[in-house]
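# Commentary on secondary and tertiary structure
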Amino acid sequence: MKTTGAAVEETENPEKPRVIVDFDVLRTYAAQNFRDLGGHPAANRRRVRAGRIFRSSHLAEVPPESPISRLKLRTLVTLQSRAEVKHLGAPEPASRHGVRWEHIPMGDEWFSDQGYTEIAGQTGRDHLALVMHFRRDWRRFFKLLAERDVYPLLFHCSAGRDRTGVGAAMLLAMLGVDRNRIVADFLESNLVYAKVPLTAGQLDPLFELIDENGGIEGFMREVIGLAPGELAIIQEALLED
């Protein structure tokens, strides 16, 4: 789990490096790294619907000038661990009338009050690990997206770039968006987190696994556990006719 500059100390245990997170620094990124995932060209001359699904950093505070303050949301999905929500605060839109808040605490086994324990993995495959270690959570997330009455929907983690980034990559792939555009959306987070930039190659292991499963439909079925009918509902909800 990348801390986007908020890590201030590491323990010396090489087997379980404990990273201490500066939540005060992380708190300053509230409501940043926000964007609409709509507008991307998709397969078969279709386009991702605008105003239907959004991504962001944590939302413990939402400044009045933020476009998030004006969103008419039906659903808010929080991918932060319980420890992150405890320290940063619950997302502000969850308190709005008519907004359904779904907390999918992705990373509970990593985070504690002292920070987080990095997973052991191969160098350069951290973002694939965010998929593989949390497949059950991603299954819950995409099954939620397959409910017909959840849009407009906003999903977020703390920084809005790693968990949220791979979630957006999988979703845009499901919608038939070209990989170059998926990577461009992923790298847009660097406008906010310039000191610890993401790279295009960080998505390569995920794309390779998708290809190994015969494409995105096979990947969503075999790796994530999404039924074909559920994938079709998401595509129907998020693609223009």
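What you see is a predicted model; the values in this text were computed from it and never measured.

## Digging into the packing of aromatic side chains
For any pair of aromatic rings, the description rests on two quantities: the centre-to-centre distance and the angle between the ring planes. Tallying each qualifying case throughout the model produces six aromatic pairs. Seen in terms of ring centroids, Trp138 and Phe141 are 5.6 Å apart; in terms of plane orientation they differ by 80°. Their pairing is edge-to-face. With Trp138 and Phe141 both in helix α4 (residues 135–145), this residue pair falls three residues apart, about one helical turn. The interplanar angle of 70° and the centroid separation of 5.0 Å between the aromatic rings of Phe141 and Phe142 together place this pair among those described as edge-to-face. Taken as a pair, Phe141 and Phe142 share a single burial class, namely buried. The structure contains a cluster of three or more aromatic residues connected by ring pairs, namely Trp138, Phe141, Phe142 and Phe155.

## Some words on unusual backbone geometry
Put simply, Tyr151 and Pro152 share a cis peptide bond, and its omega is 0°. Looking at the secondary structure, you find Pro152 in the loop between α4 and β9 (153–156). The backbone phi angle of Asn33 is positive, close to 55°, even though this residue is not glycine. Inspection of the secondary structure puts Asn33 in the loop between α1 (23–27) and β3 (35–36). On the basis of relative accessibility, which here comes to 5%, the residue Asn33 falls in the buried class. With phi around 60°, Asn44 is a residue other than glycine that occupies positive phi space. On the secondary structure map, Asn44 appears in the loop between β3 and β4 (53–56).

The rules we used
- Residues numbered from 1 in each chain as written.
- Predicted model: local features only at pLDDT ≥ 70, side-chain atom pairs only at ≥ 80, totals over all residues.
- Heavy atoms only, no water.
- Phe/Tyr/Trp six-rings, centres within 6.5 Å; stacked < 30°, edge-to-face > 60°.
- Helix = DSSP H or I, 4+ residues; strand = E, 2+ residues; numbered from the N terminus.
- Buried < 20%, exposed > 50% of the residue type's maximum accessible area, 1.4 Å probe, protein only.

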